[in-house]
Amino acid sequence: MTTFFIADIHLCAQEPAITAGFLRFLREDAPQADALYILGDLFEAWIGDDDPQPLHTEISAALNHLHQQGVPCFFIHGNRDFLLGRRFARDSLMTLLPEKKVLELYGRRVLILHGDTLCTDDVAYQNFRKKVHNPFIQKLFLILPLKWRLGIAARMRANSKASNQGKSLEIMDVNPQAVVSEMQAAGVEWMIHGHTHRPAIHDVPLENKTGHRVVLGAWHEEGSMVKVTADDVELISFPF
């Protein structure tokens, strides 16, 4: 009875070591779990399921094989791969989830999400997020030629990097009240998310009790996962 959670792998062709580490994780570690949840930003960027990158095919095949071994995989979109669609999910045998989901895990109610919606102090990002999650804007983008989409995505990543350099770490982190509000609205004492790249387990003061917020690390120099069993919730880092 074990469930694994990961996020912020940021796979791309320019980082083969991360890809190799993730594929090793799927081969050697993930088969030990009853289920695997990917909480967004599996890929560094996603411009549509029709993007013919060999990396996408390789990852899809590995996730498909994991499912064939009896380990279902569930996916919540991140801020980098929010356009990942049904075609890739179907080929990977991966189940797409809404942006927030409450799980019943071994006697615990756990709220899972990517985490970017908790960063409410970053007003500029939240305004941008609202625009790019507009279904009409997404549909318009996806009908553009692939070459155009590649160029737009590259400019957006460059603009995002430049914008973040001028922001404080506090603005880009979660808002504590947003965390409390989400947990109380969902009726949970546990939250697991990624996005901020600050792995830790935090106590959260809820009404008449103390909750817990578990933050996954990004796969930059090592892997990061949360392992949930009937007995414990562990935040684990490991080498590629």
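Preceding this section is the structure that the text describes.
The paragraphs below set out a description of the structure included in this document. (Residues numbered from 1 in each chain as written. Predicted model: local features only at pLDDT ≥ 70, side-chain atom pairs only at ≥ 80, totals over all residues. Heavy atoms only, no water.)

### Details of the pairing of strand β1 (residues 2–6)
In terms of residue burial, β1 counts as a mostly covered element, since 5 of its 5 residues are buried. Neither face of β1 is left uncovered, since the one carrying T2, F4 and I6 and the one carrying T3 and F5 both have all their residues buried. Pairing between β1 and strand β10 (residues 223–229): 4 bridges, direction antiparallel. Each bridged residue has a counterpart across the sheet, and for T3 the counterpart in β10 is V228. (Buried < 20%, exposed > 50% of the residue type's maximum accessible area, 1.4 Å probe, protein only. Helix = DSSP H or I, 4+ residues; strand = E, 2+ residues; numbered from the N terminus. Pairing = 2+ DSSP bridges.)

### Some points on the layout of surface pockets
Taken as a whole, the largest pocket encloses approximately 1,600 Å³ of empty space. Around the largest pocket sit 50 residues that line it, and E44, N79, R80, R157 and S160 are the ones nearest its centre. Elements represented by at least two residues in the lining of the largest pocket include exactly α2 (54–68), α4 (123–132), α5 (135–142), α6 (146–165) and α7 (169–172). Among the elements that line the lining of the largest pocket, the one with the most residues is α6, at 11 residues. A breakdown of the residues in the lining of the largest pocket according to their chemical character gives 25 nonpolar, 14 polar and 11 charged. Approximately 190 Å³ is the volume attributed to the second largest pocket. (1 Å grid on protein atoms, 1.4 Å probe; cavity = no way out; pocket = protein on both sides within 12 Å on 5 of 7 lines; lining within 4 Å. Points joined across faces, edges and corners; volume = space filled by probe spheres on them. Nonpolar A, V, L, I, M, F, W, Y, C, P; charged D, E, K, R; others polar.)

### Focus: the sheet that holds strand β3 (residues 73–75)
The strand order β4-β3-β2-β1-β10-β11 describes an open sheet built from 6 strands, whose pairing is mixed. Edge positions in the open sheet fall to β4 (94–96) and β11 (233–238), since each of these has one partner strand only. Sheet twist, expressed as the mean angle between neighbouring strand axes with direction ignored, is 25 degrees. Strand direction decides the pairing type here: β1 and strand β2 (residues 35–38), joined by 4 bridges, are parallel. For F4, the partnering residue across the bridge sits in β2 and is L36. Across the sheet, helix α1 (residues 16–29) is in contact with β1, β2, β10 and β11; its angle to β1 comes to roughly 175 degrees. (Axes fitted to C-alpha atoms, helices over the stretch in contact; angles between N-to-C directions. Contact = heavy atoms within 4.5 Å.)

### Describing the nonpolar core
In this structure, F22, F25, I38, L42 and I59 are the most contacted members of the largest nonpolar core, which totals 36 residues. Among all residues touching I59, those that are not within four sequence positions of it are L11, T19, F22, L23, L42, F43 and F88. Counting 19 residues, the second largest nonpolar core, distinct from the first, contains L39, F74, L97 and V214. (Core = buried A, V, L, I, M, F, W, Y, C linked by side-chain atoms within 4.5 Å.)

### Some details on the sheet that holds strand β7 (residues 190–193)
One open sheet accounts for 5 strands, arranged β5-β6-β7-β9-β8; its pairing is mixed. In this open sheet, the two edge strands, each paired with only one partner strand, are β5 (100–105) and β8 (200–206). This sheet shows a mean twist of 25 degrees between the axes of neighbouring strands, independent of strand direction. Packed on one face of the sheet, helix α8 (residues 176–186) meets β5, β6 (108–113), β7, β8 and β9 (209–215) and runs near 70 degrees to β8.

### Details of unusual backbone geometry
Phi is positive for H10, close to 55 degrees, though the residue is something other than glycine. Looking at the secondary structure, you find H10 in the loop between β1 and α1. Of the residues examined, H10 reaches a relative accessible area of 7% and is grouped as buried. At D41, a position not held by glycine, the phi torsion is positive, near 55 degrees. Tracing the backbone shows D41 in the loop between β2 and α2.

### Examining empty space enclosed by the protein
To find leftover empty space, a probe the size of one water molecule is rolled over the atoms. Inspection of every chain in the model, using the stated rule, returns 1 cavity of 30 Å³ or more. A volume near 40 Å³ is recorded for the largest cavity. Residue lining of the largest cavity: I76, H77, E99, L113, H114, G115, D116, T117 and R129, and that is the complete set. Split by residue class, the lining of the largest cavity holds 2 nonpolar, 4 polar and 3 charged.

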